[in-house]
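Below are the chains, spelled out letter by letter.
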Amino acid sequence: MNKIYYSIREVAEKTGIEPQVLRYWEKEFPMLQPRRARAGKRLYRERDIKIVLAIRRLRQDEKYTLQGARERLREKPSLWRDLSVETETAGVGQPPELDEVLKEMRGMLDELRRLVDGGA
């Protein structure tokens, strides 16, 4: 992480969580409090991103309810304090590797060629 503050769009891309969900979570999780710029834009710090990642893990991976995730984070703050943002966001919101896409396209074209040659 090279920056001090991140926009909601950047956080959404890093975490794979939609901006509207991030805004909703701000209301549901008192520990998630991104700063506001003068214009009212949200400014997320690394601390906020760690909290978002912890919420995502509790909700999606461990299937906690909102209330359960809130209580769990309140009871055990180390769930988000010990997270590494770089590790948790690796591959999230990133496009697939070009080689993989080209391989898949090549296979589809080969299959199409076989269909065309076999039908003629």
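Residues numbered from 1 in each chain as written. Predicted model: local features only at pLDDT ≥ 70, side-chain atom pairs only at ≥ 80, totals over all residues. Heavy atoms only, no water.

1. Looking at the pattern of salt bridges
Turning to step 1, where the next piece is worked out: Per the stated rule, a full pass over the model turns up seven salt bridges.
Turning to step 2, where the next piece is worked out: When the shortest N-O distance is used, the salt bridge between arginine 36 and glutamate 26 registers 3.8 Å. Residue arginine 36 is located in strand β1 (residues 35-36), and its partner glutamate 26 is located in helix α2 (residues 19-28); the two are separated by ten residues in the primary sequence.
Turning to step 3, where the next piece is worked out: For the salt bridge of aspartate 48 with arginine 47, the shortest nitrogen-to-oxygen distance reads 3.6 Å.
Turning to step 4, where the next piece is worked out: The partly exposed category is assigned to arginine 47, whose relative accessible area is 34%.
Turning to step 5, where the next piece is worked out: Within the structure, one salt-bridge network assembled from shared partners comprises Glu26, Arg36 and Arg42. (Salt bridge = Lys/Arg side-chain N within 4 Å of Asp/Glu carboxyl O. Helix = DSSP H or I, 4+ residues; strand = E, 2+ residues; numbered from the N terminus. Buried < 20%, exposed > 50% of the residue type's maximum accessible area, 1.4 Å probe, protein only.)

2. A short note on helix α3 (residues 46-61)
Turning to step 1, where the next piece is worked out: Taking 1.5 Å as the rise per residue, α3 with 16 residues should run 22 Å; its terminal C-alpha atoms sit 21 Å apart, in good agreement.
Turning to step 2, where the next piece is worked out: Of all the positions in α3, only Asp48, Ile49, Lys50, Ile51, Val52, Leu53, Ala54, Ile55, Arg56 and Leu58 are classed as buried.
Turning to step 3, where the next piece is worked out: One or two steps after α3, the chain reaches lysine 63, where phi turns positive at roughly 60 degrees. (Expected span 1.5 Å × (residues − 1).)

3. Focus on the nonpolar core
Turning to step 1, where the next piece is worked out: Formed by 24 residues in total, the largest nonpolar core has its most connected members in Leu22, Trp25, Phe29, Leu32, Tyr44 and Leu73.
Turning to step 2, where the next piece is worked out: Elements with a minimum of two residues in this core: α1 (8-15), α2, α3 and α4 (66-75).
Turning to step 3, where the next piece is worked out: With seven residues, α3 is the single largest residue contributor to this core.
Turning to step 4, where the next piece is worked out: For leucine 22, the residues in contact, after removing those within four places along its chain, are Ile8, Val11, Ala12, Ile17, Leu32, Tyr44 and Val52. (Core = buried A, V, L, I, M, F, W, Y, C linked by side-chain atoms within 4.5 Å. Contact = heavy atoms within 4.5 Å.)

4. So, the environment of glutamate 10
Turning to step 1, where the next piece is worked out: Here glutamate 10 lies in helix α1.
Turning to step 2, where the next piece is worked out: The spacing of glutamate 10 and tyrosine 44 is 34 residues in sequence and 9.1 Å in space, taken between C-alpha atoms.
Turning to step 3, where the next piece is worked out: For glutamate 10, the residues in contact, after removing those within four places along its chain, are Lys3 and Tyr5.

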